[in-house]
Amino acid sequence: MSDPVIDRHSDALIVVDVQNDFCPGGALAVDRGDAIVPVINDLSARFAHVLLTQDWHPRNHTSFASNHRGGAPFDTVEMPYGAQTLWPDHCVQGTRGADFHGHLNVERAELVIRKGFRSEIDSYSAFFENDRKTPTGLTGYLRERGLTRLFFAGIATDVCVAYSALDSQAQGFETVVVEDACAAIDHDSSLDTAVRQMDMQGVALLPSTSIR
Ligand code: VGL
Ligand code: ZN
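Remember, predicted model here, so these are calculated numbers, not experimental data.

1. As for the pairing of strand 4 (residues 82–85)
Right, on to step 1. Two elements, strand 3 (residues 76–79) and strand 4, share four bridges in a ladder whose sense is antiparallel. Bridge pairing links Glu78 to Ala83 in strand 4.
Right, on to step 2. Connecting the antiparallel pair strand 3 and strand 4 is a turn made up of two residues.

2. Notes on the nonpolar core
Right, on to step 1. Formed by 61 residues in total, the largest nonpolar core has its most connected members in Phe127, Leu138, Leu142, Phe152 and Val177.
Right, on to step 2. Other than its neighbours up to four places away in sequence, Phe152 contacts Ile14, Val16, Phe127, Val161, Ser164, Ala165, Ser168, Thr175, Val176, Val177, Val178 and Cys182.

3. Quick word on the coordination of the zinc ion (ligand 2)
Right, on to step 1. Protein coordination of the zinc ion (ligand 2) is provided by Asp55 (OD), His57 (NE2) and His90 (NE2), with donor distances spanning 2.0 to 2.2 Å.
Right, on to step 2. Sequence spacing of the donor residues for the zinc ion (ligand 2), all on one chain, is D-x1-H-x32-H. For the pair shown, Asp55 and His57 are each scored as buried.

4. Examining the pattern of salt bridges
Right, on to step 1. One pass over the structure, following the stated rule, counts seven salt bridges.
Right, on to step 2. One salt bridge in this structure joins Glu110 and Arg145, with 3.1 Å as the shortest N-O distance. Of the two residues, Glu110 is situated in strand 5 (residues 109–115) and Arg145 in the loop between helix 2 (138–144) and strand 6 (149–155); the sequence distance between them amounts to 35 residues.
Right, on to step 3. On the accessibility criterion, Arg145 (39% relative accessible area) is partly exposed.
Right, on to step 4. When salt bridges with common partners are traced through the structure, they connect Asp17, Asp55 and Lys115 into a single cluster.

5. Examining the site of ligand 1
Right, on to step 1. Around ligand 1, the neighbouring residues are Asp17, Phe22, Leu28, Asp55, Trp87, His90, Ile155, Ala156, Val159 and Cys160.
Right, on to step 2. At 2.6 Å from an oxygen atom of ligand 1 is found a side-chain nitrogen or oxygen belonging to Asp17.
Right, on to step 3. Here ligand 1, which alone exposes 260 Å², has 100% of that area covered by the protein.
Right, on to step 4. In terms of residue class, the shell around ligand 1 is made up of seven nonpolar, one polar and two charged.

6. Section: the sheet that holds strand 5
Right, on to step 1. The strand order across the open sheet built from six strands is 5-2-1-6-7-8, with neighbouring strands paired in parallel fashion. The sheet terminates laterally at strand 5 and strand 8 (204–206), the two strands that pair on one side only. Here the average twist between neighbouring strands, direction ignored, is 25 degrees.
Right, on to step 2. Across six bridges, strand 6 lies against strand 7 (residues 174–183) in parallel orientation. Pairing of Arg149 across the sheet is with Glu174, part of strand 7.
Right, on to step 3. This element, helix 3 (residues 157–170), spans strand 1 (11–16), strand 5, strand 6 and strand 7 of the sheet and lies at about 170 degrees to strand 6.

So, how was this worked out
Residues numbered from 1 in each chain as written. Chains lettered and ligands numbered in written order. Predicted model: local features only at pLDDT ≥ 70, side-chain atom pairs only at ≥ 80, totals over all residues. Heavy atoms only, no water. Pairing = 2+ DSSP bridges. Helix = DSSP H or I, 4+ residues; strand = E, 2+ residues; numbered from the N terminus. Core = buried A, V, L, I, M, F, W, Y, C linked by side-chain atoms within 4.5 Å. Buried < 20%, exposed > 50% of the residue type's maximum accessible area, 1.4 Å probe, protein only. Contact = heavy atoms within 4.5 Å. Donors = N, O, S within 2.8 Å, 3.2 Å for Na, K, Ca; no water. Salt bridge = Lys/Arg side-chain N within 4 Å of Asp/Glu carboxyl O. Near = heavy atom within 4 Å. Polar contact = N/O pair within 3.5 Å; in protein donor to acceptor, adjacent residues only side chain to side chain. Areas by Shrake-Rupley, 256 points an atom, 1.4 Å probe, with all protein chains shown as cover. Nonpolar A, V, L, I, M, F, W, Y, C, P; charged D, E, K, R; others polar. Axes fitted to C-alpha atoms, helices over the stretch in contact; angles between N-to-C directions.

Read these as geometric descriptors, not functional statements.
Here it is in structure tokens:
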């Protein structure tokens, strides 16, 4: 993709999970989780359409290691819908950890998609839960609103951003991941794997400075 020029009608910025628990000091802290906030704010000021996602789990959520006997964070367990990584308790509904980072500009956001709110299933992607078929409703919203090109920023590059960008691309949206506006967990070289996958599927990975 040549350097994209923001289209005020058909482009949307989707800011993924910029929440306290994914920032330094949080329950599932990601390096530089807070450092990307100014980059995202600069970017979002230039888009006419800004959407947010919010990881939003009940306390008894199946992705929490604490809800599995002998389970430890980063273990993998088999769920009815497939393999599931276990995480520390994070983004519990209504807690400070689930709030958006205090410096994130949320005022202009036109939609907040909450995900992972059902105890029995996780949801990394903004489009589908982890069974890969239960929709969140985001596709319908975007199509009805005529939004056809999606720029992704946020946390974590190798988990929720990657799953969202891959689903976006697969559903026919032109898809850009803004690399310096994302922060990664990068467990066992998961960032490399995710970047390679996105690249292979036609997702454009671009620096924020290339977006005009
Ligand atoms: C995420 C792990 C668990 C993310 C959410 O936002 O990338 N990662 N829940
Ligand atoms: Zn989560």
